[in-house]
2 protein chains.
Amino acid sequence: MKLITRNTDYALRALCYISKNKNIVTVDELVEKLGVPRPFMRKILQRLNKRKILDSFKGQGGGFRLKALPEKIYVIEIMRIFQGKVVLNRCFLKKDVCPNKGKCVLRKKIGIIEDNLFKQLKEITIASLA
Amino acid sequence: MKLITRNTDYALRALCYISKNKNIVTVDELVEKLGVPRPFMRKILQRLNKRKILDSFKGQGGGFRLKALPEKIYVIEIMRIFQGKVVLNRCFLKKDVCPNKGKCVLRKKIGIIEDNLFKQLKEITIASLA
DNA sequence: AATTAATGATACCACATTAGTCTCATTTGT
DNA sequence: ACAAATGAGACTAATGTGGTATCATTAATT
Ligand code: FES
Ligand code: FES
């Protein structure tokens, strides 16, 4: 299993590239540099824009720019955008709420691991990658 | 995204239950206790048998028993059986091998996290869950 | 005002993975 | 012989991933 999907991967690369450019960056530039299919790249950028990671500018001379500082953009957040909340397991019983939640050892142990994972992921920002 | 699938989850629960029983356990017993669909449970147990986690006995009075000690059965191994090797990301370029592998910061950072994750997962055994 | 170069929004499609079901064969105790 | 158990493998449904395609909107250039 993969913990990081292409969506996320491309998004991270795009953000790194954009963070290194003071000017706004167009899809075409990113496509050329990263070798990602154009329509797919567009979709990813649009999503980052909706989630306020990027600012976008329409029309001639338009493109994308980081909305926040690269130091404030966390990998874990990008993962959440494209892969949903990262969770070890949602408990299995057909009816969503698990009666056993309190005393479930697996969940408890896994919870600890989850926390550590997050702690580490939180320390990785676009700035630290670029 | 879920890090643990139902397969794995059910397998872990089944193993926990079996580990608490000195006697061999039948599918029907597990189905009753865990509320997992019978054919699915069967498939999971068969797979655990093939991977030498369980011993199986056919015929009347048959069923399943742990093959190894609960202290020696690691969650990470069960995950690998049902979810394949756990990997943060396989690099994206269409042609599998990535020319950038050496100097890729993302991969490096992620590699560290991966290692830590494994270290933690390796310490969780069936014994520690049951 | 028309053109052109950019993004926004949305619907669609192909493939892989996950989560199962179903059927028949085989083994073994009674 | 029969019943009670697993083994093996084909099949199906739902979901997630990785895209494509189309049309609408905005804004600078001419
Ligand atoms: S959370 Fe439901 S049994 Fe663990
Ligand atoms: S491993 Fe290929 S770019 Fe990071």
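Remember, predicted model here, so these are calculated numbers, not experimental data.

(A) Representation of the overall build of chain A within the structure. Across its full length, chain A holds 6 helices and 2 strands. The C-alpha atoms of chain A give a radius of gyration of 18 Å, which is well past the 14 Å a tight globule of 130 residues would have. Principal-axis analysis of the C-alpha atoms gives chain A an extent of 60 × 30 × 25 Å. Expressed as a percentage of its 130 residues, the buried residues of chain A come to 47%.

(B) Representation of the environment of Met79(B) within the structure. Along the chain, Met79(B) falls in helix H4 (residues 75-83). Sequence-distant contacts of Met79(B), that is, excluding residues within four places in its chain, are made with Leu3(B), Ile4(B), Thr8(B), Gly84(B), Val86(B) and Leu121(B).

(C) Structural view of the interface of chain B and chain A. Contacts between the two partners involve 35 residues from chain B, matched on the other side by 36 residues from chain A. Each partner contributes to the roughly 3,700 Å² buried at the junction of chain B and chain A, and carbon and sulfur atoms together form 64% of this total. Where chain B packs against chain A, one counts 0 salt bridges. At the junction of chain B with chain A, the criterion picks out 10 residue pairs in polar contact (both at pLDDT 80 or more). At the level of secondary structure, the elements contributing two or more residues to the side of chain B that touches chain A comprise helix H1 (6-20), helix H5 (105-122) and helix H6 (126-129) of chain B. With 10 residues, H5(B) is the single largest residue contributor to the side of chain B that touches chain A.

Scoring rules and cut-offs
- Per chain, residue numbering runs from 1 following the sequence as it is written.
- Chains and ligands are labelled by the order in which they are written, letters from A for the one and numbers from 1 for the other.
- For a predicted model such as this one, the threshold for reporting local features is a pLDDT of at least 70, and the threshold for listing and counting side-chain atom pairs is 80 or more; totals across whole chains, interfaces and linings nevertheless cover every residue.
- Only hydrogens and water are removed before side-chain values are computed, so all heavy atoms of the structure are retained for them.
- Runs of H or I in DSSP of at least four residues are treated as helices and runs of E of at least two as strands, each being numbered from the N terminus.
- Atoms considered for the radius of gyration are the C-alpha atoms alone. The globule rule reads 2.2 Å times the number of residues to the power 0.38.
- The buried label goes to any residue with under 20% of its type's maximum accessible area, the exposed label to any with over 50%, and the partly exposed label to all in between, with areas taken from a 1.4 Å probe on protein chains only.
- The contact rule is simple, with two residues in contact once any of their heavy atoms fall within 4.5 Å.
- Note on definitions: buried area is the accessible-area loss of two parts on being combined, 1.4 Å probe, summed for both.
- The salt bridge definition used is simple: a Lys or Arg side-chain nitrogen within 4 Å of an Asp or Glu carboxyl oxygen.
- Distance and chemistry together define a polar contact, namely a pair of N or O atoms within 3.5 Å, with one atom able to donate a hydrogen and the other to accept it when in protein, and with adjacent residues in sequence counting only for side-chain atoms on both sides.

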